[in-house]
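# Overview (structure and organization)
Okay, here's what each chain looks like letter by letter:
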Amino acid sequence: MSASPLTRLDVLKRAWPLVFANAAVPLAGVADTFVLGLSGDKADLGGVALGSALFSVFYWSFYFLRMGTTGLTAQADGAGDQAETQRILLRALAIAAALGLLVFLLRDLIALAGFAILQGELRVESKGADYLLARAWGAPAALAGFALSGWLIGLGRNAATLAIYVAFSLVNIGLDLWFVLGLGFGPGGVGAATAIAEWLALLVGGGFLLITLKHQKGWAHGVLDRARLLDGAAIRELFQVNVNLMIRTWTLVIGFTWFANAGARQGTAALAGNHVLLQVISVWAFVLDAFAFIAETEAGRAFGRRSVRDLRRCVQLTAEPMILSGAVFALATWWLGDAALTALIEDPEARAAAITFLPWCAAVPLLGAPAWLMDGVFIGTTSGRVLRNAGLVAVAIYLAADAVLAPLYGNHGVWAAFIVFYLARAGALLGAYPGLERRIHSAPTASATDANPST
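Summarised in this report is the structure supplied together with it. Since we're looking at a predicted model, the values are computed, not measured.

### Some remarks on the overall build of the protein
In terms of regular secondary structure, the protein is built from 18 helices and zero strands. Relative to its length of 455 residues, the protein is compact, with a C-alpha radius of gyration of 21 Å against a globular reference of 23 Å. Referenced to the eigenvectors of the C-alpha coordinate spread, the extents of the protein come out at roughly 60 × 40 × 40 Å. By residue count, 59% of the 455 residues in the protein fall in the buried class. Looking at the protein alone, contacts between residues at least 24 apart form 85% of all its contacts between residues at least 6 apart. Put simply, the protein shows about 17600 Å² of open surface, and 69% of that area lies on carbon and sulfur atoms.

### So, the pattern of salt bridges
Counted under the stated rule, the structure contains 13 salt bridges. Of the charged contacts, one joins Asp-77 and Arg-301 as a salt bridge, the two residues approaching to 3.3 Å between their closest N and O atoms. Here Arg-301 lies in helix α12 (residues 268-305) and Asp-77 lies in helix α3 (residues 64-78), a separation of 224 residues in the sequence. Of the two residues examined, Asp-77 and Arg-301, each falls in the buried class. Close ionic contact of Glu-437 with Arg-312 constitutes a salt bridge, the shortest N to O distance being 2.8 Å. Linking Glu-437 in helix α17 (residues 411-442) with Arg-312 in helix α13 (residues 308-344), this pair joins segments that are 125 residues apart in sequence. Under the relative-accessibility criterion, Arg-312 is labelled partly exposed at 49%.

### Focus on the nonpolar core
In this structure, Val-377, Phe-378 and Phe-418 are the most contacted members of the largest nonpolar core, which totals 116 residues. A total of 20 residues in this core trace back to one element, the largest contributor, which is α12. In contact with Phe-378, other than residues within four places in its own chain, are Ser-383, Val-386, Leu-387, Leu-429, Ala-432, Tyr-433 and Leu-436. Membership of the second largest hydrophobic core comes to 15 residues, among which are Leu-155, Ile-164, Leu-209 and Leu-213.

### Things to note about the packing of helix α4 (residues 82-105) against helix α7 (residues 139-154)
Put simply, α4 and α7 touch, their axes get as near as 7 Å, and they point 160° apart. Taken together, the axes of α4 and α7 are roughly antiparallel relative to one another. Judged by the sense of rotation from one axis to the other, the crossing of α4 with α7 is right-handed. Contact residues: α4 offers Thr-85, Gln-86, Leu-89, Ala-92, Leu-93, Ala-96, Leu-99, Gly-100, Leu-101, Val-103 and Phe-104, while α7 offers Ala-139, Pro-140, Leu-143, Ala-144, Ala-147, Leu-148 and Trp-151. Looking at the contact of α4 with α7 residue by residue, the class counts come to 15 nonpolar, three polar and no charged.

### Digging into the environment of Trp-372
Within the element layout of this structure, Trp-372 appears in helix α15 (residues 358-380). The buried category is assigned to Trp-372, whose relative accessible area is 7%. Spatially, the C-alpha atom of Trp-372 lies 7.8 Å from that of Ala-426, the residues being 54 residues apart in sequence. Discounting chain neighbours no more than four positions away, the residues touching Trp-372 are Ala-285, Leu-288, Asp-289, Ala-292, Met-322, Val-364, Pro-365, Tyr-422 and Arg-425.

### What about the packing of α3 against α12?
Viewed as axis vectors pointing N to C, α3 and α12 meet at an angle of 45°, and their least axial separation amounts to 7 Å. Our classification of the angle between α3 and α12 gives oblique. Like other packed secondary-structure pairs, α3 and α12 cross with a definite hand, here right-handed. Along its contact with α3, which presents Arg-66, Thr-70, Ala-74, Gln-75, Asp-77 and Gly-78, the element α12 presents Phe-293, Glu-296, Thr-297, Gly-300, Arg-301, Phe-303, Gly-304 and Arg-305. Looking at the contact of α3 with α12, its residues break down into three nonpolar, six polar and five charged.

### Examining a nonpolar patch on the surface
On the surface, Leu-101, Leu-102, Leu-105, Leu-106, Leu-109 and Leu-112 cluster together into a nonpolar patch covering about 590 Å² of accessible area. Elements supplying a minimum of two residues to the nonpolar patch: α4 and α5 (107-117). On the secondary structure map, Leu-106 appears in the loop between α4 and α5. Classification of Leu-106 as partly exposed rests on a relative accessible area of 37%.

### With respect to the environment of Phe-20
For Phe-20, the location among the structural elements is in helix α1 (residues 8-39). Along the chain, Phe-20 and Ala-290 lie 270 residues apart, while their C-alpha atoms are 8.5 Å from each other.

About the thresholds
- Every chain begins its residue count from 1, and numbering advances along the sequence as written.
- Confidence filtering applies because this is a predicted model: local features only for residues at pLDDT of at least 70, side-chain atom pairs given and counted only at 80 or more, and all residues used for totals across whole chains, interfaces and linings.
- To obtain the side-chain values, all non-hydrogen atoms of the structure were included, while hydrogens and water were left out.
- For the purposes of this entry, the term helix denotes a DSSP run of H or I that reaches at least four residues, the term strand denotes a run of E that reaches at least two, and both are numbered from the N terminus.
- We take the radius of gyration over the C-alpha atoms and set the globule estimate at 2.2 Å times the residue count to the 0.38 power.
- Only protein chains enter the accessibility calculation, which uses a 1.4 Å probe; a residue whose area is less than 20% of its type maximum is buried, one above 50% is exposed, and one in between is partly exposed.
- Between two residues, a contact is recorded if the distance between any of their heavy atoms is within 4.5 Å.
- Accessible surface is estimated by sampling points in the Shrake-Rupley manner with a 1.4 Å probe; for residues, cover comes only from the protein chains shown.
- Any carboxyl oxygen of Asp or Glu within 4 Å of a side-chain nitrogen of Lys or Arg constitutes a salt bridge here.
- Among buried residues, the Ala, Val, Leu, Ile, Met, Phe, Trp, Tyr and Cys ones that are joined through side-chain atoms within 4.5 Å form a nonpolar core.
- Note on definitions: angles span 0 to 180 degrees between N-to-C directions of axes, and those axes are lines fitted to C-alpha atoms, for helices only across the stretch in contact.
- In what follows, roughly perpendicular refers to angles from 65 to 115 degrees, roughly parallel to angles under 35, roughly antiparallel to angles over 145, and oblique to any angle outside these ranges.
- By convention the crossing between two helices is left-handed if the near helix lies anticlockwise of the far one by an angle smaller than a right angle, and right-handed if it lies clockwise.
- We call Asp, Glu, Lys and Arg charged. Ala, Val, Leu, Ile, Met, Phe, Trp, Tyr, Cys and Pro are nonpolar, and the rest, Gly among them, are polar.
- To count toward a patch, a residue needs a relative accessible area above 30% and no salt bridge. Like charges then connect within 9 Å, nonpolar side chains (Val, Leu, Ile, Met, Phe, Trp, Tyr) within 5 Å.

Now the structure itself:
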């Protein structure tokens, strides 16, 4: 991989496949929501809101497989070690297979325990259980997809990532229409559509893995050697990085699950309206993450080369288009959201709730952009300890804000606290950035950096 300086043109060229790839994932979630909005009622929407929030506790807890794999791969690629990039993939896939099978086997227990904790109406919880139990069939494929897409992103193979995500989205949307509008399966049909799409997307990803290996002239020497593959130092490095990333992800899952449950406390209409708006936020977040993914790759390579200059250039050149795009998306949501929600949500109470709280939703693309960008920088450098601590601080601030604002201002308070969550995440990571520059010279490996108490 060339070590030539990153340019604005490079960022834009590499971003566009990721923009479409990332947009494809939440668009599938939007299709889930709006197919139910057209065919069902607020109980269907609320059920999917609670079911997806509960499933996310386990599903996104393992997103470290994508983040850790990207960071470690980018660093090995920056250091010119092709054999290690391939070993990172094999280790990540093995972990993904084991964890995905565990989630699938425990699906009934997860549903039983989860809906004993969440605070929805009985009918809403029943709908949510239908969604969750169907969705769990795709867990092994989804987690393996995390590892594989993380590896491809770490190598900068963004067109392959686009193809995988588009395949997932098209299959999911097509099956949504068939299962829900055609067959009337409701929330269970939405979950089944997603599960099937995850397996087919994994098959597409496997094809791109073979193409990438062909370009690399096959497996590098020693990659499949058992002793090297199970090297103790590499396994410890992977463990140290991923445990902290998992804790960091838990803090985000807690925050988003709390947001869903806070909406449930405001009533089924508010829950459904919040869930619809959260899908809009998800679209913008995933689109803007195209720039964060480039930041992950370039920050990882800068770390592998131990270049503070390259790191600073990476931050600057990805921040510029990301914040500008966030401002454009915020304005688009403000101006066009009312008409879109009116056209797409059939239930009048859910529609009214979504329109009422639309201004809060519109603010998120702009105010959330710094948090998403800095996530990318610290993920690429596998600074798990920093991400973990920032997540813990941010979720604590968010829960405190919700405890104060929600009782005073109802669902407006729920949304105001949610905005505080994004600002706290960005503030914590920006405060830690100078330490990252200081560490980049002295740390020989990602694991040593992550273990540094000064983080």
